[in-house]
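Each chain, letter by letter, is given below.
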Amino acid sequence: MEEEARKLLEEGIRKKLVSPGKGELSTFPNGTKVVFHYRTSLCDGTVLDDSRTMGGHSKPMELILGKKFKLAVWESVIITMRQGEIAEFLCDTKHTALYPLVSQSLRNISAGKDPLEGQRHCCGIAQIHSHHSLGHKDLDQLQASPQPLVFTIELLEVLPPGSFQLDVWAMTDEEKLEFVPQIHEEGNMLFKQGQIKEATDKYYNGIACLKNLQMKEHPGDEAWVKLDHMITPLLLNYCQCKLLEGQYYEVIEHCSSLVFKYEDNVKAYYKRAKAHAAVWNETEARADFAKVLELDPTLGPSVAKELRAMEERIRSKDKEEKGRYKGLFNYNTPPATATTG
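Every chain is numbered on its own, with residues counted from 1 as its sequence reads. Where totals are concerned, whole chains, interfaces and linings use all residues; where local detail is concerned, this predicted model gives features only for residues with pLDDT of at least 70, and gives and counts side-chain atom pairs only at 80 or more. Here the side-chain values reflect all heavy atoms present in the structure, with hydrogen atoms and water set aside.

J.: Report on the packing of helix α11 (residues 266-278) against helix α12 (residues 282-295), specifying residues and quantitative values.
T.: Here an axis means a line fitted to C-alpha atoms, over the contact stretch when the element is a helix, while the angle between two N-to-C directions is reported on a 0 to 180 degree scale. Strands are runs of DSSP state E lasting at least 2 residues, helices are runs of H or I lasting at least 4, and numbering of each runs from the N terminus. Across the interface, α11 lies against α12 with an axial gap of 8 Å and an inter-helix angle of 155°. When the axis of α11 is compared with that of α12, the two are roughly antiparallel. For the pair α11 and α12, the crossing hand works out as left-handed. Taken together, the residues of α12 that come into contact with α11 (itself represented by V266, Y269, Y270, R272, A273, K274, H276 and A277) are E284, A285, D288, F289, K291, V292 and L295. Residue composition of the contact of α11 with α12, grouped by class: nine nonpolar, one polar and five charged. Oblique is the label for any angle not under 35 degrees, not over 145, and not in the 65 to 115 range, which are roughly parallel, roughly antiparallel and roughly perpendicular in turn. The crossing is said to be left-handed when, going from far helix to near helix, the turn is anticlockwise and less than a right angle, and right-handed when the turn is clockwise. In what follows, residue pairs with any heavy atoms lying within 4.5 Å of each other are defined as contacts. All residues other than Ala, Val, Leu, Ile, Met, Phe, Trp, Tyr, Cys, Pro, Asp, Glu, Lys and Arg, Gly among them, are scored as polar; the first ten of these are nonpolar and the last four charged.

J.: For the UniProt feature "repeat: TPR" (unreviewed entry) in the protein chain, give the residues involved together with the corresponding values.
T.: Feature annotation in UniProt assigns "repeat: TPR" (unreviewed entry) to the following positions: residues 266-299. Helix makes up 79% of residues 266-299 and strand 0%. Its end C-alpha atoms lie 10 Å apart. UniProt positions are given in the numbering used here, feature names are shortened, and annotations may be inferred rather than shown by experiment.

J.: Account for the packing of aromatic side chains, naming residues and giving values.
T.: The description of an aromatic ring pair uses the distance of the two centres, along with the angle that the planes make with each other. Within 6.5 Å between ring centres, the rings of Phe, Tyr and Trp (the latter by its six-membered ring) count as paired, and their orientation is classed by plane angle as stacked under 30 degrees, edge-to-face over 60, tilted in between. The final tally for this structure, using the stated rule, is nine aromatic pairs. Ring plane angle 85° and centroid distance 5.5 Å describe the contact between F36 and W74, whose orientation is recorded as edge-to-face. Linking F36 in strand β2 (residues 33-41) with W74 in helix α2 (residues 72-78), this pair joins segments that are 38 residues apart in sequence. Judged on exposure class, the residue F36 and its partner W74 are both buried. Geometrically, the ring pair formed by Y204 and Y238 is tilted, given 6.3 Å between the ring centres and 40° between the ring planes. With Y204 in helix α8 (residues 196-214) and Y238 in helix α9 (residues 222-244), this pair connects stretches of sequence that are 34 residues apart. Working definition: with a 1.4 Å probe on protein chains only, accessible area under 20% of the residue-type maximum means buried, over 50% means exposed, and in between means partly exposed. Taking the relative accessible area as the measure of exposure, Y204 reaches 49% and is therefore partly exposed. Residue classification places Y238 among the buried residues on the basis of a relative accessible area of 8%. Grouping aromatic residues by their ring pairs yields a cluster made of F36, Y38, F69, W74, Y99 and F151. Directly above the ring of W280 sits R313, whose terminal nitrogen or CZ lies 4.2 Å from the centroid. Geometrically, a lysine NZ or arginine CZ counts as sitting over a ring once it is within 6 Å of the ring centre and also within 35 degrees of the ring normal. Geometry around W280 places K317 over its ring, the cationic atom sitting 4.3 Å from the centre.

J.: Could you give an account of the pattern of salt bridges, with specific residues and numbers?
T.: Think of a salt bridge as a Lys or Arg side-chain nitrogen and an Asp or Glu carboxyl oxygen that are within 4 Å of each other. Evaluation of the coordinates by the stated rule reveals 18 salt bridges. Put simply, E245 and K242 hold a salt bridge, and the shortest N to O gap is 3.3 Å. Relative accessible area serves as the criterion here: at 31%, E245 is assigned to the partly exposed category. Judged by relative accessible area, which is 13%, K242 ranks as buried. Here E311 makes a salt bridge to R286, at a shortest N to O gap of 3.0 Å. Linking E311 in helix α13 (residues 300-325) with R286 in helix α12, this pair joins segments that are 25 residues apart in sequence.

Encoded structure:
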């Protein structure tokens, strides 16, 4: 313990044990997942962030060691802790300069926003020396005048590599490519079991994974096209789930993007036709069903069934509306007679 404290002190970090943990100190190899609560304070005690209250709910931080997290000092201090331990770490300014950017991302996440909002066009070091507002007065002040910070950390869990499934953001590009077929199959299994919402989430995560990789490629290049071909079946499965959930306009939007790129994608036309039929776009639905037959005449019986169902719905709707307005404009009704008292 004394040796750990001495090494930290040499690095400009002063550790104060609040509550001891249990068991032996982990070796913390790269790829270890640590789960912890944190509170960040100025030296005068002013609290900047607290994971137990941020965004109105208590959500611990999860970190994969060795993934070059922007705030490297958190890794440095956590590897001195035992599971269950609570400790305070007073860290010199050289360790805290990037905290405003990290805090902005964490606050965005807790509010359901893009974690990179406001950080799109320049690197972290460039932002530190810019006059760009982070959208929070306290973080703007800290960015303008960096200072030592106190991190109070409670280490909740230490999970060795291989004992958990990596979150997409923590994966390498190779791991993401290996992950997609697995998540696709899991989505298919859930769909067959009738767990539509869970299947939707699987397909969505697979799409997000591939989109993340695709952003690194130039549109139209071979690598970009290859990734797009991997995205297409996932997006079609996602649209099928959305059809069952009644999200018809979302289906129309996604399928339109597919047929714009792939004019012979019969599944995209078929799903878009069904979505158009569901929202009473009869002309568009008939056009899409006609395109389906042009691309794959063997789908004739299925298309005929869908057209009959659409026509029946339209007849029922027309009948209902006629009944609703019947009598509103009946001019044979005798006028009311005025009476006197």
